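# Descriptive structure summary
Read off the chains here:
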Amino acid sequence: MRVLITGGAGFLGSHLSERFLAEGHTVIAMDNLITGSADNIGHLFGHERFRFMKHDVTDYIYIDGPLDAVLHFASPASPVDYLELPIQTLKVGALGTHKVLGLAKEKKARFLLASTSEVYGDPQIHPQSEGYYGHVNPIGPRGVYDEAKRFAEAMAMAYHRTHGVETRIVRIFNTYGPRMRLRDGRVVPNFIQQALRGEPLTVYGDGSQTRSFQYVDDLVEGVYRLLQSDFAEPVNIGNPQERTIEEFAQIINELTGNAAGIIRKDMRTQDDPQVRQPDITRARTILGWEPQVSVQEGLQRTIPWFRSQLQQLGELA
Ligand code: UDP
């Protein structure tokens, strides 16, 4: 296959690029590098089946030659980023999705949308299955991301129903691993670097809010399987192991041997979901997929990467 991955220089896009290359496909990674980084794909530049295009997907896209699949992963994805880039976030989810769907239609390519558990908002149903319509505040600070992704899902289904484009929608739950940006503000990068510096971990609010964290390799496997399936409705991909943020902080302190404990900060964003856990019945049934990597294993693969990043910056001995 010849595959276009938007957001190809981002955390998930770079792991997906690697996977598609390893499976023998040709990859065009597109990114405007506002939150992605060429460092994430530097090691792929010499690869004969890899090409990078610095381009903003909200502008007209021209790709020479055939395409078999388009994976739309471009978007700021950390709350800190999309609060700083609200209009770009709305544009990439709305205008960018429209552009890449048009491209997929033109090339008769399969289209896969990276959607999010944020479409469920601050959920009133727990755990969240794909049939739940969500509880999103459209005008709150998170609305720029949540509504852009909800619009993107609606757009994908419209192209599917109206133009017969083969579309797939993955609803991604909290994912972590190497190549998350050090300063992207999400809980995993924050906690790991605080722990490595021997500082207390900043738990926002009372720490009773929950998240369910999946390791990036599990997500990549789920996306790969979903693309090959013939299922157009959304599929949750996440690890159902749910923990409070305070429990998660304790695990990271244990794994890093950090004795500085935690510090509570009154920094939860408005509409920060109180709970989040995927119901993965659909992924199990349709894709035969379930997560393989425990949080301890995943963190043990992620912590050394953050350590080396901090060492390269001279911030850690
Ligand atoms: N959080 C925290 N300390 C941090 C960063 C985040 O306690 O240093 C909390 C945040 O309030 C939220 C959860 O961790 O409840 C997950 O936040 P993140 O930004 O990683 O992503 P979200 O799941 O909210 O999109």
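Reading the values: the criteria
- Residues numbered from 1 in each chain as written.
- Predicted model: local features only at pLDDT ≥ 70, side-chain atom pairs only at ≥ 80, totals over all residues.
- Heavy atoms only, no water.
- Near = heavy atom within 4 Å.
- Polar contact = N/O pair within 3.5 Å; in protein donor to acceptor, adjacent residues only side chain to side chain.
- Areas by Shrake-Rupley, 256 points an atom, 1.4 Å probe, with all protein chains shown as cover.
- Helix = DSSP H or I, 4+ residues; strand = E, 2+ residues; numbered from the N terminus.
- Nonpolar A, V, L, I, M, F, W, Y, C, P; charged D, E, K, R; others polar.
- pLDDT = per-residue confidence, 0-100.
- Buried < 20%, exposed > 50% of the residue type's maximum accessible area, 1.4 Å probe, protein only.
- Contact = heavy atoms within 4.5 Å.
- Core = buried A, V, L, I, M, F, W, Y, C linked by side-chain atoms within 4.5 Å.
- Phe/Tyr/Trp six-rings, centres within 6.5 Å; stacked < 30°, edge-to-face > 60°.
- Lys NZ or Arg CZ within 6 Å of the ring centre and 35° of its normal.
- Expected span 1.5 Å × (residues − 1).
- Pairing = 2+ DSSP bridges.
- Axes fitted to C-alpha atoms, helices over the stretch in contact; angles between N-to-C directions.

## Topic: the site of the ligand
Taken together, the neighbourhood of the ligand is formed by 18 residues, with T202, Y204, R211, D272 and R276 sitting nearest. Take N174: an N or O atom from its side chain is 2.9 Å from an oxygen atom of the ligand. In the model, an oxygen atom of the ligand is placed 3.0 Å from a nitrogen or oxygen of the Q209 side chain. Bound to the protein, the ligand loses 95% of the 520 Å² it would expose on its own. Mapped onto the shell around the ligand, the elements with two or more residues apiece are helix 5 (187-196) and strand 8 (201-204). A class-by-class count of the residues in the shell around the ligand yields six nonpolar, five polar and seven charged.

## Side note on the confidence of the model for the protein chain
Per-residue pLDDT for the protein chain averages 97, and the proportion of residues at 70 or more is 100%. Mean pLDDT across the elements of the protein chain bottoms out in helix 2 (residues 79-84) (94) and peaks in strand 11 (residues 234-237) (99).

## Side note on the environment of L310
Relative to the elements of secondary structure, L310 occurs in helix 9 (residues 295-312). The buried category is assigned to L310, whose relative accessible area is 0%. When the C-alpha positions of L310 and K149 are compared, they lie 33 Å apart, and in sequence the two are 161 residues distant. Not counting chain neighbours up to four residues away, the residues in contact with L310 comprise L182, Q193, L196, R197, E315 and L316.

## A short note on the nonpolar core
Judged by nonpolar contacts, the single largest core of 58 residues is most densely connected at F20, L71, F73 and L299. Considering every element that reaches this core, the biggest residue donor is helix 6 (residues 216-228), with seven residues. Once residues lying within four places of it in the same chain are set aside, the contact partners of L299 are Y176, I192, F248, I251, I252, L255 and P304. Judged by nonpolar contacts, the second largest core, of 25 residues, contains L4, V92, M157 and I169.

## Quick look at unusual backbone geometry
Excluding glycine, most residues fall at negative phi; most peptide bonds, likewise, are trans. Going from H126 to P127, the amide bond is cis rather than trans, its omega being -10 degrees. Along the polypeptide, P127 turns up in the loop between strand 5 (110-116) and helix 4 (143-163). Positive phi is not limited to glycine here, since L33 has a value of about 60 degrees. Within the fold, L33 resides in the loop between strand 2 (26-31) and strand 3 (50-54). Assessed through its relative accessible area of 25%, L33 is described here as partly exposed. Phi angles above zero are rare outside glycine, and D271 is one such case at about 70 degrees. Counting through the fold element by element, D271 comes out in the loop between strand 13 (262-265) and helix 8 (281-287).

## Structural notes on the packing of aromatic side chains
Per the counting criterion, the structure on display carries nine aromatic pairs. Between the aromatic rings of F45 and F50, the centroid separation amounts to 6.0 Å while the plane-to-plane angle is 80 degrees, which identifies the pairing as edge-to-face. For F45, a relative accessible area of 43% translates into the label partly exposed. Between Y82 and Y145 the ring centres are 4.5 Å apart and the planes differ by 10 degrees, which places this aromatic pair in the stacked class. A residue pair is termed long-range when its members are at least 10 positions apart, and Y82 in helix 2 and Y145 in helix 4 qualify at 63 residues. Comparing Y82 with Y145 shows no difference in burial state: the two are buried. Lying across the ring of Y224, R19 places its NZ or CZ 4.4 Å from the centre.

## Comments concerning helix 1 (residues 11-22)
Its 12 residues place the ends of helix 1 17 Å apart at the C-alpha level, agreeing with the 16 Å of an ideal helix rising 1.5 Å per residue. Among the 12 residues in helix 1, 10 count as buried, and that is most of the element. Those residues of helix 1 lying buried are F11, L12, G13, S14, H15, L16, S17, R19, F20 and L21. G24 sits one or two positions beyond helix 1 and adopts a positive phi of about 95 degrees.

## Here's the deal with the side chain of T256
Structurally, T256 is set in helix 7 (residues 245-256). Setting aside its immediate chain neighbours within four residues, T256 contacts A195, L196 and I303.

## Overview of the sheet that holds strand 4 (residues 69-72)
Strand order across the open sheet formed by seven strands is 3-2-1-4-5-6-11, with parallel pairing between neighbours. This sheet does not close on itself; its edge strands, each paired only once, are strand 3 and strand 11. Sheet twist, expressed as the mean angle between neighbouring strand axes with direction ignored, is 20 degrees. Pairing between strand 1 (residues 2-6) and strand 2: five bridges, direction parallel. Opposite T6, over in strand 2, you have M30 as the bridge partner. Along the sheet, helix 3 (residues 86-107) contacts strand 1, strand 4, strand 5 and strand 6 (167-172); its crossing angle with strand 4, the most-contacted strand, is approximately 175 degrees. Packed on one face of the sheet, helix 4 meets strand 5, strand 6 and strand 11 and runs near 155 degrees to strand 5.

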